[in-house]
Amino acid sequence: ELEFYRDTKNWEAASKMIPEVQTFMDHKPSRIPQDYRILLSFQFAFVLFQKRKYEEALDWAGIIIFGKFGNARLDIQQFARLLNLMIHYELKNEMVLKYGIQSTRRFLGKTRDIKPLERILLRFFGRLVTKASGDHPVVFQKLYQELYQGDAVLVDDEVEDFLALRSWIIRHARSIHI
């Protein structure tokens, strides 16, 4: 059901499911496999991010980032770190964002080769922390051009599904002509 609400972008209905599922997770932890716990935590973080409840989203992303999950669902752990950077940007946590960039780079580098999209996003967040907030729309516009207007497809369906980068970038760029 949560996945359906996420797929249909019904953030309100999805967010209403969080307390019920969280209660089940808290009371029956042994009945929830680690992979599923990671995925649910990410889903909650993403839904709350979409609702612009950034502090709550940060809490759920933190469960993944600071948890002891080893190699379980590394794909979700990687997405959680990128979402974490997006959340810290929204919260205007510039110092934490600087650290998060380095931490994310280290984590990605330890788990596998850093993908071209990830390199671009890490570089993008690095640019944001060095620019005045009034210059951020231009930085977002350049990111959009780099990701969506070239010949190579850098943002595949899976990335778009997990991070909704296009809509997030457009919201901050203000004047993208699509």
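Note: the structure precedes this text.
Residues numbered from 1 in each chain as written. Predicted model: local features only at pLDDT ≥ 70, side-chain atom pairs only at ≥ 80, totals over all residues. Heavy atoms only, no water.

J.: I tried to follow the environment of phenylalanine 162 on my own but got confused; where do I start?
T.: With respect to the helices and strands, phenylalanine 162 occurs in helix 9 (residues 157-163). When the C-alpha atoms of phenylalanine 162 and isoleucine 18 are compared, they prove to be 17 Å apart, with 144 residues separating the residues in sequence. Filtering out sequence-adjacent residues up to four positions away, phenylalanine 162 remains in contact with Arg6, Leu39, Phe42, Phe46, Ile76 and Phe79. (Helix = DSSP H or I, 4+ residues; strand = E, 2+ residues; numbered from the N terminus. Contact = heavy atoms within 4.5 Å.)

J.: Please explain the packing of aromatic side chains as it appears in this structure.
T.: Aromatic ring pairs: the centre-centre distance and the angle between the two ring planes describe each pair. Going through the model one piece at a time under the given rule, you end up with 15 aromatic pairs. Seen in terms of ring centroids, phenylalanine 79 and phenylalanine 162 are 4.7 Å apart; in terms of plane orientation they differ by 10 degrees. Their pairing is stacked. Of this pair, phenylalanine 79 sits in helix 5 (residues 74-90) while phenylalanine 162 sits in helix 9, and the two are 83 residues apart along the sequence. Overall, phenylalanine 162 belongs to the buried group, its relative accessible area being 10%. With centroids separated by 6.2 Å and ring planes inclined at 85 degrees, the aromatic side chains of phenylalanine 124 and tryptophan 168 adopt a geometry described as edge-to-face. In this pair, phenylalanine 124 sits in helix 7 (residues 116-130) while tryptophan 168 sits in helix 10 (residues 165-173), placing the two residues 44 residues apart along the sequence. Chaining the aromatic ring pairs together yields one cluster made of Trp11, Phe42, Phe46, Phe79 and Phe162. (Phe/Tyr/Trp six-rings, centres within 6.5 Å; stacked < 30°, edge-to-face > 60°. Buried < 20%, exposed > 50% of the residue type's maximum accessible area, 1.4 Å probe, protein only.)

J.: What is the right way to look at unusual backbone geometry in this model?
T.: A negative phi holds for most residues other than glycine; trans holds for most peptide bonds. Of note in the backbone geometry, arginine 52 takes a positive phi value of approximately 65 degrees without being a glycine. Here arginine 52 lies in the loop between helix 3 (34-50) and helix 4 (54-65). Backbone geometry places alanine 164, a non-glycine residue, at a positive phi of 50 degrees. Residue placement: alanine 164 occurs in the loop between helix 9 and helix 10. Its relative accessible area of 12% is what places alanine 164 among the buried residues.

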